Amino acid sequence: MEGSESGGASSGVADGSLVLWTLCSVLLPVLLTLWCSFQRSRRQVLIRDIFRKSKHDWHYTDLFGQPSYCCVCAQHILQGAFCSCCGLRASEGCLKKADQLFLCKEIMMRSNGTTPSSMPHHWIRGNVPLCSCCVVCKQQCGTQPKLCDYRCVWCQYTAHDECMMDSLKTEECTFGEFRDLIIPPCYLSTINQMRKDKQTNYEKVIVAPYCRKHWMPVIVLANTRSGNNMGETLLGEFKILLNPVQVFDLSKTTPAKALQLCTLLPCNAVRVLVCGGDGTVGWVLDAIDAMKIKGQERFIPQVAILPLGTGNDLSNTLGWGAGYAGEVPVEQILRNVMEADGIKLDRWKVQVTNKGYYNLRKPKVFTMNNYFSIGPDALMALNFHAHREKTPSLFSSRIINKAVYFFYGTKDCLVQECKDLNKKVELELDGERIELPNLEGIIVLNIGYWGGGCRLWEGMGDEPYPLARHDDGLLEVVGVHGSFHCAQIQVKLANPVRLGQAHTVRLILKSSMMPMQVDGEPWAQGPCTVTITHKTHALMLYHSGEQTDDEASSMSEQDPMREQTDEDV
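Given the structure is predicted, the values throughout are model-derived calculations rather than measurements.

## Observations regarding the overall build of the protein
- Counting its regular elements, the protein contains 13 helices and 26 strands.
- Looking at the 569 residues of the protein, the share that counts as buried comes to 48%.
- Partitioning the contacts of the protein with sequence separation of at least 6, the portion at a separation of at least 24 is 69%.
- Carbon and sulfur atoms make up 55% of the accessible area of the protein, which totals about 28,800 Å².

Right, here's the structure in full:
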């Protein structure tokens, strides 16, 4: 009996210890996970607090794209924070100290009652760009695997630790290669002082030493939601090279507000670089038109384009390419902006008036830069936009966007929702009625490119048609037989149905509902009258860089016309 009782007691103790150890093995990982999660969220709150109060433009990354060293402890770091304006990098533990020790780029110089006319270099130690050369000995910098060498955040000059002399620390900064594009902090300090003194004649400032003869300050407007989502990266790279006050995120600041910076700069000298798709460019051009209404014509800037959208036909027409994916360095983009030539772009008013005796709604009014269409390509755009609004996260790649367009184009080849368009519409060019053949779509062109890179009006080039221009006050009107015909045109296996050129286009939709689009913005439209008339000109920048053979031949024919236009102006 005693033996059985002792055996039962020992087994009970063993069972109790087993339960205890089981509970510990389950609870301990849970508690550790909860503690780590609490600590991580606490660190994130502290980091966000530092970011919010700091004058640096800090961003956190889980992995740096190149070998990086903390500017405080000089240790090699894989993750941490970096400033997109001055380029400082710090580990998570040193972030607060780095924020206190190092100054960021100052967009405006501090003045003690005097007007500054120059500024010294602003040197930052370590993490210099790869393949940079020392301004003193002309040897490569940043070759040692440690925190070493210096870089000026304004002129981008670099110097070895051993080459850094007292004279360099106090030497006047020249702002480097892009001095003609940068708005100097001393200029803004002078403008600020003049505003305090209630002086509005900023023209006096232009004769100051830091405002050179060929000064053409650039304003960068980037849409971080366009196309392949490269806008965020570009914002940081432009802030490194320019004054951060010149770089705007259009998801946070509207073009109308950003362009008011032009009124503080020399007349007819400002250049604007729009990073986005054709829709973003149209948004900026509308804001520029609003400046004209306010009486700010002399501050109107010239507009260059960095194509981040899906189609980018306007960008392609003006020589800036069909799309940007980071293959060209930002420095080269700024050089292209400096070297670009000014041209004019026709802008058109599209008025859509609904039919009906008792229609009290105002006509829809659009501004057209690229093209207007009714038919299969508008239907593809309408279907694409409907699905992108439902699931915008799926449409973050230019390749995916084009694949979706291809899918809807293939679907329309089978369904033919826009057939017999010629029986549903009437077309007038400069008041003259046009007899339409059997068509599914009509496209009204202002620029040379359409459909993501196709020169629609010239077609295959087997017929002597004059080249389409974007500054002659004429529209080119063509017809297509369907989605399959559009695909044939894009691969140069067919020509469009050329209906003519005109200064004014009038299209009457007599019956049924049809898809329409203006510059890629589609909608479904009932019976109506569409009238397209000239609205204004936009000042654009043309980049005559690398071209295909077709582009080179077409531009060579247009150059004499452009020279004549410049002489007339």
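## Describing the sheet that holds strand β18 (residues 441-445)
- Spatial ordering of the open sheet is given by β22-β21-β18-β15-β24-β25, a layout of six strands whose pairing is antiparallel. The open sheet has two edge strands, β22 (497-502) and β25 (521-525), and neither has a second partner. Taking each pair of neighbouring strands and ignoring which way they run, the sheet shows an average axis angle of 15°.
- By the bridge criterion, three bridges tie strand β15 (residues 371-374) to strand β24 (residues 514-518) in an arrangement that is antiparallel. By the bridge assignment, I374 is partnered in β24 with M516.

## Structural notes on the side chain of N369
- In this fold, N369 is placed in the loop between β14 (364-368) and β15.
- Each residue touching N369, except ones within four places of it in the same chain, is listed here: G282, L285, L345, D346, R347, N446, I447 and D519.

## Remarks on the sheet that holds strand β4 (residues 80-83)
- Spatially, the three strands line up as an open sheet ordered β1-β4-β5, and their pairing is antiparallel. Either end of the sheet is taken by a strand with one partner, and the two such strands are β1 (58-61) and β5 (89-90).
- Note: β1 against β4, four bridges, orientation antiparallel. Within β4, the position partnered with W58 by the bridge is C83.

## Some points on a nonpolar patch on the surface
- Together, V19, L23, V26, L27, V30, L31 and L34 give the surface a local cluster of nonpolar side chains, amounting to about 650 Å² of exposed area.
- Following the sequence through the fold, L34 ends up in helix α1 (residues 2-53).

## Topic: the environment of G448
- Along the chain, the position of G448 falls in the loop between β18 and β19 (449-450).
- For the pair formed by G448 and L318, sequence separation is 130 residues and the distance between their alpha carbons is 9.3 Å.
- Not counting residues within four places of it along the chain, the set of residues in contact with G448 comprises T317, C454, R455, L456, E458 and A468.

## Some remarks on the nonpolar core
- Ranked by size, the top nonpolar core spans 98 residues in total, and within it I219, L221, F238, L242, L259, L273 and M540 carry the most contacts.
- The element best represented in this core is helix α7 (residues 278-293), accounting for six residues.
- Discounting residues that sit within four places of it in the chain, L259 has contacts with L221, V272, V284, A287, I288, M291 and P301.
- Membership of the second largest hydrophobic core comes to 32 residues, among which are F372, L436, M514 and I532.

## Some thoughts on the pattern of salt bridges
- Counted under the stated rule, the structure contains 12 salt bridges.
- The closest approach of N and O atoms between K53 and D49, which form a salt bridge, is 3.5 Å. Taken together, the residues K53 and D49, both in helix α1 and four residues apart, mark about one turn of the helix.
- Taking relative accessible area as the criterion, K53 reaches 60% and is therefore assigned exposed.
- Of the charged contacts, one joins E428 and R506 as a salt bridge, the two residues approaching to 3.4 Å between their closest N and O atoms. Linking E428 in strand β16 (residues 425-429) with R506 in strand β23 (residues 505-509), this pair joins segments that are 78 residues apart in sequence.
- Judged by relative accessible area, which is 19%, E428 ranks as buried.
- Here the salt bridges share partners, and the residues they tie into one network are D286, D289, K292, R347 and K535.

## Thoughts on the packing of aromatic side chains
- All told, the structure shown has four aromatic pairs when counted by the stated rule.
- For the cation-ring pair, R455 lies above Y449, with the distance from its terminal atom to the ring centre recorded as 4.9 Å.

## Things to note about the pairing of β25
- For β24 and β25, the ladder comprises five bridges, and the chain directions are antiparallel. Residue M514 lies in a different strand from β25, and its bridge partner there is Q525.
- As consecutive antiparallel partners, β24 and β25 are separated by two residues, and within that stretch D519 has a phi angle of approximately 55°, a positive value.

## Some words on the state of the cysteines
- Across all of its chains, the model carries zero disulfides by this definition.
- With no disulfide partner, C104 has as its closest neighbouring cysteine sulfur the one in C83, 3.6 Å distant.
- The closest cysteine sulfur to the non-disulfide-bonded C134 is located on C137, 3.7 Å from its own sulfur.

## What to know about the packing of helix α5 (residues 231-241) against helix α9 (residues 330-339)
- Two numbers describe how α5 lies on α9: the axes approach to 10 Å, and their chain directions differ by 70°. Overall, the two elements α5 and α9 adopt an arrangement that is roughly perpendicular. Seen along the crossing, α5 lies across α9 with a hand that is right-handed. For the pair α5 and α9, the contacting residues are L234, E237, F238 and L241 in the first and V330, E331, I333 and L334 in the second.
- Partitioning the contact of α5 with α9 into residue classes produces six nonpolar, no polar and two charged.

## Considerations on unusual backbone geometry
- One non-glycine residue, D149, adopts positive backbone phi at about 65°.
- Tracing the backbone shows D149 in the loop between β6 (123-125) and β7 (150-152).
- A positive phi angle is found at N268, which is not glycine, with a value near 55°.
- Inspection of the secondary structure assignment puts N268 in the loop between α6 (255-258) and β11 (271-276).

## Concerning helix α4 (residues 185-196)
- The first and last C-alpha atoms of α4 sit 17 Å apart over 12 residues, in line with the 16 Å expected at 1.5 Å per residue.
- Turning to α4, its buried residues number three or more, namely P185, C186, Y187, L188, S189, T190, I191 and M194.

## What about α5?
- Counting buried residues along α5, eight of its 11 residues qualify, which places the element largely inside the surrounding structure.
- Those residues of α5 that fall on the buried side of the exposure criterion are G231, L234, L235, G236, F238, K239, I240 and L241.

## Quick notes on the pairing of β23
- With respect to burial, β23 is a largely interior element, four of its five residues being buried.
- In terms of strand pairing, β16 meets β23 through five bridges, oriented antiparallel. Note that in β23 the partner of E426 across the bridge is I508.

Cut-offs used in this document
- All residue numbers refer to positions counted from 1 along the written sequence of the respective chain.
- The predicted nature of this model means local features are confined to residues of pLDDT at least 70 and side-chain atom pairs, given and counted, to a pLDDT of 80 or more, with totals for whole chains, interfaces and linings taken over all residues.
- Just so you know, side-chain values use all the structure's heavy atoms and leave hydrogens and water out.
- Helix numbers and strand numbers start at the N terminus; a helix is a DSSP run of H or I with at least 4 residues, a strand a run of E with at least 2.
- Burial here depends on accessible area, computed with a 1.4 Å probe over protein chains only, as a share of the maximum for the residue type. Under 20% is buried, over 50% is exposed, and the range in between is partly exposed.
- Whether two residues are in contact is decided by their heavy atoms, any of which lying within 4.5 Å being enough.
- All accessibility values rest on the Shrake-Rupley procedure with a 1.4 Å probe; residue burial counts only the protein chains present in the view.
- Following DSSP output, two strands are said to pair if at least two bridges run between them.
- Comment: axis = line fitted to C-alpha atoms, over the contacting stretch for helices; angle = value between 0 and 180 degrees taken between N-to-C directions.
- Patch building starts from residues that exceed 30% relative accessible area and form no salt bridge, then joins like charges within 9 Å and nonpolar side chains (Val, Leu, Ile, Met, Phe, Trp, Tyr) within 5 Å.
- What counts as a salt bridge is simple: a side-chain nitrogen of Lys or Arg found within 4 Å of a carboxyl oxygen of Asp or Glu.
- Here the nonpolar core consists of buried residues drawn from Ala, Val, Leu, Ile, Met, Phe, Trp, Tyr and Cys, with membership extended through side-chain atoms lying within 4.5 Å.
- Only the six-membered ring of Trp is used, alongside the rings of Phe and Tyr, when aromatic pairs are assigned; centres must lie within 6.5 Å, and planes under 30 degrees apart are stacked while those over 60 apart are edge-to-face, with the rest tilted.
- Here, a charge over a ring means that NZ of Lys or CZ of Arg falls within 6 Å of the ring centre while also lying within 35 degrees of the ring normal.
- Cysteine sulfur pairs qualify as disulfides if the two atoms are within 2.5 Å.
- What sets the label is the angle itself: under 35 degrees gives roughly parallel, over 145 gives roughly antiparallel, 65 to 115 gives roughly perpendicular, and the rest give oblique.
- Note: crossing handedness is left-handed where the near helix turns anticlockwise from the far helix by less than a right angle, and right-handed where it turns clockwise.
- Throughout this entry, Asp, Glu, Lys and Arg are counted as charged residues, while Ala, Val, Leu, Ile, Met, Phe, Trp, Tyr, Cys and Pro are counted as nonpolar. The remaining residues, Gly among them, count as polar.
- How far a helix is expected to stretch is found by multiplying one less than its residue total by 1.5 Å.

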